[in-house]
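# Analysis of the macromolecular model
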Amino acid sequence: MKKALIVYGSSTGNTEFAAETIESFLSENGYEVALTDVSNAGIDIFDETHDLFFIGCSTWGEDEIELQEDFEPFYEDMTGSLSLKKKNFAIFGCGDSSYTYFCGAVDMLEERVRRLGGNLVCDSLRIDGEPEEEEIDEWVQGVTNAA
Ligand SMILES: Cc1cc2nc3c(=O)[nH]c(=O)nc-3n(C[C@H](O)[C@H](O)[C@H](O)COP(=O)(O)O)c2cc1C
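First things first, this report covers the structure right here in the doc. Being a predicted model, the structure only gives us computed values, none of them experimental.

### Let's talk about the packing of aromatic side chains
Counted according to the given criterion, the structure contains seven aromatic pairs. Where Phe46 meets Phe53, the ring centres are 5.3 Å apart and the plane angle is 75°; that geometry is what we call edge-to-face. For the pair Phe71 and Phe74, a centre-to-centre distance of 5.4 Å together with 75° between the ring planes defines the contact as edge-to-face. Separated by three residues within a single helix, Phe71 and Phe74 lie in helix H2 (residues 71–77), roughly one turn from each other. Between the NZ or CZ atom of Arg112 and the centre of the ring of Tyr75, over which it lies, the distance is 4.2 Å.

Now the structure itself:
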């Protein structure tokens, strides 16, 4: 059975909803899935063997990009000695396109995963406003096809 891990940071529940929707889709499609709020996780989760890692984070801030606050310490630890080589990633997050940096946190995470050698299996999911199950399911289907 394929294994996936989803780690997410969410302040008002939107990215959490997206993470739970991804979890449901994967478990209905033959994956063994672990779901964790980033506030309960350290970067050692990347030591584990999984076929796919999903990283979800909403965007905050006004004049500059701010990651969802629980995500900050985790992101700060994603440096230097951490290697993500040979690991598959898919990134998602909620935002609002009326802000200057729409889903800027997703851009930051993409850049960081790439820099640490991780493989982004497909385009990231940037959700504008309220997350909808259909849009998320369609994206996860694409991720699993590409992985
Ligand atoms: C003060 C504030 C700043 C925000 N800044 C941004 C931003 O820079 N870019 C963006 O795409 N969305 C921004 N948003 C929108 C949130 O990312 C959006 O509401 C999202 O759905 C929150 O997801 P969460 O509930 O998972 O934390 C901001 C929202 C607030 C209230």
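### Some points on the side chain of Thr59
Structurally, Thr59 can be placed in strand E4 (residues 59–60). In this structure Thr59 comes out as buried when scored by relative accessible area, which is 17%. Once residues within four sequence positions are removed from consideration, Thr59 is found in contact with Ile65, Glu66, Cys94, Tyr101, Cys103, Gly104, Ala105 and Val106.

### What to know about unusual backbone geometry
What is expected of a backbone is that most residues other than glycine have negative phi and most peptide bonds are trans. Here Lys86, not a glycine, exhibits a phi torsion of approximately 65°, which is positive. Along the chain, the position of Lys86 falls in the loop between H2 and strand E6 (88–95).

### Some details on the site of the ligand
Neighbouring the ligand are 18 residues, the closest being Ser10, Thr12, Thr15, Ser58 and Thr59. A distance of 3.0 Å is found between an oxygen atom of the ligand and a backbone nitrogen or oxygen belonging to Gly13. A distance of 2.8 Å separates an oxygen atom of the ligand from a polar backbone atom of Cys103. When the ligand sits alone it has 650 Å² of accessible area, and the protein chains cover 84% of it. Residue assignment for the shell around the ligand shows that the elements contributing at least two residues are helix H1 (14–28), E4 and E6. Residues that form the shell around the ligand fall into these classes: six nonpolar, 10 polar and two charged.

### Description of helix H3 (residues 104–115)
Each full turn of the α-helix corresponds to 3.6 residues, which orients residues three or four apart in the same direction. Between the first and last C-alpha of H3 there are 17 Å, a value that for 12 residues agrees with the 16 Å anticipated at 1.5 Å per step. Taken together, the buried positions of H3 are Gly104, Ala105, Val106, Leu109, Glu110, Arg112 and Val113.

### A few points about the nonpolar core
One broad rule of soluble globular proteins: the nonpolar side chains tend to lie buried together. With 25 residues, the main nonpolar core has Phe46, Phe71 and Met78 as its most contacted residues. Of the residues forming this core, the biggest block, four residues, is contributed by H3. Discounting residues that sit within four places of it in the chain, Met78 has contacts with Ile43, Phe46, Leu84, Leu109, Arg112, Val113 and Leu116. Counting 21 residues, the second largest nonpolar core, distinct from the first, contains Ile6, Phe92, Val121 and Trp139.

Rules used throughout
Residues numbered from 1 in each chain as written. Predicted model: local features only at pLDDT ≥ 70, side-chain atom pairs only at ≥ 80, totals over all residues. Heavy atoms only, no water. Phe/Tyr/Trp six-rings, centres within 6.5 Å; stacked < 30°, edge-to-face > 60°. Helix = DSSP H or I, 4+ residues; strand = E, 2+ residues; numbered from the N terminus. Lys NZ or Arg CZ within 6 Å of the ring centre and 35° of its normal. Buried < 20%, exposed > 50% of the residue type's maximum accessible area, 1.4 Å probe, protein only. Contact = heavy atoms within 4.5 Å. Near = heavy atom within 4 Å. Polar contact = N/O pair within 3.5 Å; in protein donor to acceptor, adjacent residues only side chain to side chain. Areas by Shrake-Rupley, 256 points an atom, 1.4 Å probe, with all protein chains shown as cover. Nonpolar A, V, L, I, M, F, W, Y, C, P; charged D, E, K, R; others polar. Expected span 1.5 Å × (residues − 1). Core = buried A, V, L, I, M, F, W, Y, C linked by side-chain atoms within 4.5 Å.

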